[in-house]
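Observations on the model geometry
Take a look at the letters that make up each chain.
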Amino acid sequence: MTGSVLEVDLDLFAMNLARVRAAIAPAELMLVVKNDAYGHGVDAVVARARREGVRWFGAFDLVTGARVRTGAGGDARIFVWIADTPEQVAAAIELDLDIGVGDRRLLDDIAARRGGPRPARVHLKIDTGLRRNGVRPEEWSEFVSIAAAAERAGSLIVEGIWSHIAEASDEDDDIARDRFEQALRTAETAGLRPRWRHLAASAAAFARPEFRYDIARVGAFCYGIRPAGGPDEAELGVKPIARWVAPVVEVAGDVVRIGVGARDGLFSTLASRADVATPAGPRRLLTVAGAMSEVAAWPGADIGDRVVVYGDAGRNEETATSLAETIDSIGEEVAVRVSPLVPRQYRGVR
Ligand SMILES: *Cc1c(COP(=O)(O)O)cnc(C)c1O
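Notes on the structure follow. (Residues numbered from 1 in each chain as written. Predicted model: local features only at pLDDT ≥ 70, side-chain atom pairs only at ≥ 80, totals over all residues. Heavy atoms only, no water.)

Before going further, it helps to examine the overall build of the protein chain. Helix and strand counts for the protein chain come out as 12 helices and 16 strands. The C-alpha radius of gyration computed for the protein chain amounts to 22 Å, which stays within 12% of the reference 20 Å derived for 350 residues, consistent with globular compactness. By its C-alpha atoms, the protein chain is 75 × 40 × 30 Å across when sized along the principal axes. The buried share of the protein chain, taken over its 350 residues, is 52%. (Helix = DSSP H or I, 4+ residues; strand = E, 2+ residues; numbered from the N terminus. Rg over C-alpha atoms; globule rule 2.2 N^0.38 Å. Buried < 20%, exposed > 50% of the residue type's maximum accessible area, 1.4 Å probe, protein only.)

This part covers the layout of surface pockets. Using a probe with the size of a water molecule, rolled over the atoms, empty space left in the structure can be pinpointed. There is about 840 Å³ of room inside the largest pocket. Among the secondary structure elements, those contributing two or more residues to the lining of the largest pocket are helix H2 (34–38), helix H9 (202–207) and helix H12 (331–337). Split by residue class, the lining of the largest pocket holds 18 nonpolar, five polar and eight charged. Size it by volume and the second largest pocket reaches roughly 250 Å³. Forming the walls of the second largest pocket are 16 residues, and the residues nearest its centre are Glu-167, Asp-170, Ala-203, Ala-204 and Ala-207. Where the lining of the second largest pocket is concerned, the elements lending two or more residues are helix H8 (170–189) and H9. (1 Å grid on protein atoms, 1.4 Å probe; cavity = no way out; pocket = protein on both sides within 12 Å on 5 of 7 lines; lining within 4 Å. Points joined across faces, edges and corners; volume = space filled by probe spheres on them. Nonpolar A, V, L, I, M, F, W, Y, C, P; charged D, E, K, R; others polar.)

Here the structure, examined in full by the defined rule, presents three cavities of 30 Å³ or more. Considered as a void within the structure, the largest cavity measures approximately 80 Å³ in volume. Lining the largest cavity are 15 residues, and of these Gly-224, Ile-225, Pro-240, Tyr-310 and Ala-320 lie nearest its centre. Of the residues that make up the lining of the largest cavity, three or more belong to each of domain 1 (10–232) and domain 2 (242–347). For the second largest cavity, the calculated volume is near 40 Å³. In the lining of the second largest cavity, the residues fall into seven nonpolar, no polar and one charged. (Domains from an automatic or database assignment.)

Right under this line is the structure:
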């Protein structure tokens, strides 16, 4: 072996799923699998999640949504939130996906549809402050009236109302939740009775019961990725499911070269800031080049030894998040950056 591998432990993933579901109950889990399941490989993750009884998946885009539908089967619920064009909407309806709708033009397109296999399942998005997308509060009342009329006409079903929050400060989140509550009341006045209200991702769903509503959309914690600067894995009760392992390919005096580099997705800014776990304990990562990196040598270092770029803090390894913290990033960024060309090796495939 001359290149790195990402080892993914699906049994740990199953344990995290159980922990997350217990923590957010009675809300249901929507497992977020965008970005190839945060780099862990969407197909294997979805297959195992289905075995563990997960019913809702947050796929982000249509390509991922289609892939989840294939892997998860007909009765899974799959939420996509960037269907944009009428063609994408038609494809989403064909696949029986739940579609996030956060702008008026898209709602009008869906409301104007005729024929097709079934009404569109939509989740209306209120912008509660993030301003990424979503309907502004001043336009919400008209928006939900149009949706209610379209529901009566049979072109769509309003399955949900949702928003996304920053989860950076409790104060801002509280303001966002007030706006969400107001939006729910306005929708009810318009005659809508959505079954699924959802607002929180990992952090708020864990820490703040009043943010859970009917579904929590959780990605990071299911993969064992803790928040930068936040509670650690032990406090959260989850474990990182991935370990990024690289082989020693050369020993040259007081420097050891390992088979992982920037082209594999290792941030070059980690050089001289982070350690890797070697058989002799942590050693400084000195340089990061394209295909290789240099690490401070240890006694007896040999070609074929394995070093861990990130894994489990409980085993004295860096984690995706601890690496991220040294470069002012977040664990998700480190994880999704691992190149798709790095082989994923699964344990616990059932
Ligand atoms: C990524 C994402 C999530 C999941 O966030 P985590 O912090 O990883 O749990 C939830 N909702 C939306 C809209 C997202 O884009």
